[in-house]
Amino acid sequence: MISPDEWLARGQQLELLGHDIFYIDEAATDESRGTILLIHGFPTSSWDWWKIWPVLNKHYRLVAMDLLGFGFSAKPRFHDYRIMEQADLCEALADKLGLGQFHVLAHDYGDTVAQEMLARQNEELGVGKWQSCLLLNGGLFPETHRAVLAQKLLKSPVGFIFRHALTKKSLNKSFDHIFGETKASPEELDVFFELFDRDGGRQNVHRLIHYMSDRIEHRDRWVGALKNASCPIGLINGSLDPVSGNHMVQRFEEVVGSKHFIHRLPTVGHYPQVEAPEAVLVAYQQFLETL
């Protein structure tokens, strides 16, 4: 397993839009087939991608950042964390690195960031030109997002109080609930909590949860982004995810369409790239081959 310190050493810090942001940018180790921008989920970080990183990095330049308030990036207190700003930061990084054409691979919270960025692509206002967008488990539709109890409490008026109850034990319990048949190892759970808690991260979690309200407010724009996508889009989904599993895929087929690339992982939960990295790599390669 790649340790957090090893992951940190492979990246660097960059000031973007007034914030200190951590990112990794690694060129393909073999013949290059392009660039992939990877966007992580809540409440974790870019470290989530470490299991699939080596295989993808053989043929793709990989770029991944820790979103504002997550992982090794800045975690300002009393900040109004919004999806729009996270999209701005991702685009600022893509612009800084000169990403002209690239694929997007996103998960969970990152799916929502990708939906806003895709809306900008459709409007021809985004940075660079997307070649594809593949989404892992995430709340693409607020009407099908089944929040766990911790998320509901954090979003409530007493969220600022409940954040103090988010201990390592309670976070591990939440992960155990949303994973499928293959659970996270104790070592993985330790890293999840370490990066979540780093630099006082817990103090902001009730503010970061505002993405659930953002999804409702911008539902038409972000669902419209999928329906009118200017690049090929697809899903790889862990069906056993109680938050955004097979029920979300069914809604996607109803609202967006069933002709897009859709790959179900029947024994997997909310974190496919952690639970079943080999299966995700096989499916993602199939998706890329369809382009």
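Student: How would you summarise the overall build of the protein if you had to cite specific residues and measurements?
Tutor: A tally of helices and strands in the protein yields 14 helices and eight strands. Its C-alpha atoms give the protein a radius of gyration of 17 Å, near enough to 19 Å, the size a compact globule of 291 residues would have. By principal-axis analysis of the C-alpha atoms, the protein measures approximately 45 × 40 × 35 Å. Taking as baseline every contact in the protein between residues at least 6 positions apart, the subset at least 24 positions apart corresponds to 80%. Here the protein displays about 11,800 Å² of accessible surface, and carbon together with sulfur accounts for 50% of that area. The protein carries 29 positive and 38 negative side-chain charges, and their two centres are separated by 5 Å.

Student: So what about helix H12 (residues 246-255)? Which residues, and what values?
Tutor: Turning to H12, its buried residues are His-247, Met-248, Val-249, Phe-252 and Val-255. Residues of H12 that are buried sit in contact with helix H11 (219-227), strand E7 (233-238) and strand E8 (261-265). At the C-terminal side of H12, Gly-257 shows a positive phi close to 135 degrees.

Student: Now, about the environment of Thr-112: what can you tell me, with residues and values included?
Tutor: Within the secondary structure, Thr-112 is located in helix H4 (residues 109-122). Linking Thr-112 and Met-65, residues 47 residues apart in sequence, is a C-alpha distance of 15 Å. Here Thr-112 is in contact with Ile-83, Gly-139, Arg-215 and Trp-222, once residues within four sequence places are set aside.

Student: Could you give me a rundown of the nonpolar core, with the residues and numbers involved?
Tutor: Soluble globular proteins tend to bury their nonpolar side chains together. Membership of the largest hydrophobic core comes to 99 residues, with the highest contact counts inside it found for Ile-39 and Leu-105. No other element matches the seven residues that helix H3 (residues 83-96) contributes to this core. Sequence-distant contacts of Leu-105, that is, excluding residues within four places in its chain, are made with Ile-36, Leu-37, Leu-38, Ile-39, Trp-49, Ile-52, Leu-56, Leu-134, Leu-136 and Tyr-284.

Student: Can you tell me about the pairing of strand E2 (residues 19-26), naming the residues and giving the values?
Tutor: The buried fraction of E2 amounts to six of the eight residues, a majority that puts the element mostly inside the structure. Relative to E2, strand E1 (residues 12-16) runs antiparallel, the two sharing five bridges. Looking at the pairing, Gln-13 lines up with Phe-22 of E2. Here E1 hands over to E2 after two residues, with Leu-17 in that stretch at a positive phi of 50 degrees. Pairing of E2 with strand E4 (residues 61-65), which is carried by four bridges, proceeds in the antiparallel orientation. When the sheet's bridge partners are listed, Asp-25 is paired in E4 with Val-63.

Student: Could you give an account of the pattern of salt bridges, with specific residues and numbers?
Tutor: One pass over the full model with this rule turns up 18 salt bridges. Notably, a salt bridge pairs Glu-123 with Arg-221, separated by 2.8 Å at the nearest N-O pair. Of this pair, Glu-123 sits in the loop between H4 and strand E6 (129-135) while Arg-221 sits in helix H11; the two residues are 98 residues apart in sequence, bridging distant segments of the chain. Glu-123 gets classed as partly exposed once you look at its relative accessible area, which sits at 39%. On the basis of relative accessibility, which here comes to 29%, the residue Arg-221 falls in the partly exposed class. Measuring nitrogen to oxygen at the nearest pair gives 2.7 Å for the salt bridge that ties Arg-202 to Asp-197.

Student: Before we move on, could you go through the packing of aromatic side chains and cite the residues and values that matter?
Tutor: Geometrically, a pair of aromatic rings is defined through the distance of the ring centres and the angle of the planes. Counting across every chain of the model gives 18 aromatic pairs. When the centroid spacing of 6.2 Å and the interplanar angle of 80 degrees are considered together, the rings of Phe-42 and Phe-70 count as edge-to-face. In this pair, Phe-42 is assigned in the loop between strand E3 (35-39) and helix H2 (53-56) and Phe-70 in the loop between E4 and H3, connecting sequence segments 28 residues apart. For the pair Phe-42 and Phe-70, a shared accessibility class is recorded, and that class is buried. A ring pair is formed by Phe-175 and Phe-179, whose centres lie 6.1 Å apart and whose planes are at 80 degrees; its orientation type is edge-to-face. With relative accessibility at 3%, the residue Phe-175 sits in the buried group. Taking the relative accessible area as the measure of exposure, Phe-179 reaches 4% and is therefore buried. Members of the aromatic cluster, connected to one another through ring pairs, are Trp-47, Trp-50, Phe-175, Phe-179, Phe-192 and Tyr-271.

Reading the values: the criteria
- Residues numbered from 1 in each chain as written.
- Predicted model: local features only at pLDDT ≥ 70, side-chain atom pairs only at ≥ 80, totals over all residues.
- Heavy atoms only, no water.
- Helix = DSSP H or I, 4+ residues; strand = E, 2+ residues; numbered from the N terminus.
- Rg over C-alpha atoms; globule rule 2.2 N^0.38 Å.
- Contact = heavy atoms within 4.5 Å.
- Areas by Shrake-Rupley, 256 points an atom, 1.4 Å probe, with all protein chains shown as cover.
- Lys, Arg positive; Asp, Glu negative; His and termini not counted.
- Charge placed at Lys NZ, Arg CZ, Asp CG, Glu CD.
- Buried < 20%, exposed > 50% of the residue type's maximum accessible area, 1.4 Å probe, protein only.
- Core = buried A, V, L, I, M, F, W, Y, C linked by side-chain atoms within 4.5 Å.
- Pairing = 2+ DSSP bridges.
- Salt bridge = Lys/Arg side-chain N within 4 Å of Asp/Glu carboxyl O.
- Phe/Tyr/Trp six-rings, centres within 6.5 Å; stacked < 30°, edge-to-face > 60°.

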